[in-house]
Amino acid sequence: MKEKSFLMLKPDAVKRKLAGKIITRLEEKGLKIVAARMLIIDDDLAKEHYGEHKEKPFFKDLVDYITSGPVLAMVIEGNECISLIRKIVGATNPKEADLGTIRGDYAIDTGRNIIHASDSPGSAEREIALFFSEDEICSYTLPDEELIYEEP
Ligand code: IDP
Ligand code: MG
């Protein structure tokens, strides 16, 4: 089933110039970027995006981290891509993330784990709507979709 997920390269990924490498991994997997925007998140948007964590001890550090520089926000489309992208991203704590995942290969500390990805269809819908309007999301077909999916 075709799904859309929200993915965001955090300020450390952008400043460490890892954006190209990470985007290449998604493209090479066969996933499709249908929206992308670079922005500096303000406090209000950070608190709303991470609202589920507002009672956590790391919440203030998380808001400071995510607002500390530009992020690259994206919408990615693909079959069952929400759980697939979580696997590609790896565990929240990069020290526990498998090698071969983005966090496992490029990050060390949980508070500098370089990338965000939606964890469920409900969060994907909520997060996409926070960062993008409907008309910013592109609908198009990749020429190689029949090489990636049995039933494109
Ligand atoms: P996720 O990004 O893998 O979905 P969540 O538990 O939703 O992980 O946490 C959101 C973000 O909050 C993490 O990606 C990480 O940047 C930060 N975070 C989570 N737990 C901690 C912690 O214990 N210390 C510092 N930062 C944390
Ligand atoms: Mg999360």
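Residues numbered from 1 in each chain as written. Chains lettered and ligands numbered in written order. Predicted model: local features only at pLDDT ≥ 70, side-chain atom pairs only at ≥ 80, totals over all residues. Heavy atoms only, no water.

## Some words on helix α7 (residues 121-131)
Next, step 1: Those residues of α7 that fall on the buried side of the exposure criterion are S123, A124, E127, I128 and F131. Along α7, the residues classed as buried sweep out an arc of 125° about the axis, all on the same side. In α7, the exposed positions that point more than 90 degrees away from the buried face belong to P121, E125 and A129.
Next, step 2: Next to the buried residues of α7 lie β1 (2-9), β2 (32-40), α3 (43-49), β3 (70-79), α5 (81-89) and β4 (115-117). (Buried < 20%, exposed > 50% of the residue type's maximum accessible area, 1.4 Å probe, protein only. Helix = DSSP H or I, 4+ residues; strand = E, 2+ residues; numbered from the N terminus. Arc of directions from axis to C-beta. Contact = heavy atoms within 4.5 Å.)

## What to know about the layout of surface pockets
Next, step 1: Size it by volume and the largest pocket reaches roughly 470 Å³.
Next, step 2: Every residue lining the largest pocket is counted, 22 residues in all, and those nearest its centre are K10, Y50, H53, L62 and T92.
Next, step 3: Elements that contribute at least two residues to the lining of the largest pocket include exactly α4 (59-66), β4 and α7.
Next, step 4: For the lining of the largest pocket, the per-class residue count stands at six nonpolar, eight polar and eight charged.
Next, step 5: Roughly 170 Å³ of internal volume is contained in the second largest pocket.
Next, step 6: Taken together, K4, P121, A124, E125, I128, A129, F132, E134 and I137 make up the lining of the second largest pocket. (1 Å grid on protein atoms, 1.4 Å probe; cavity = no way out; pocket = protein on both sides within 12 Å on 5 of 7 lines; lining within 4 Å. Points joined across faces, edges and corners; volume = space filled by probe spheres on them. Nonpolar A, V, L, I, M, F, W, Y, C, P; charged D, E, K, R; others polar.)

In short, shape yes, function no, at least from these values alone.
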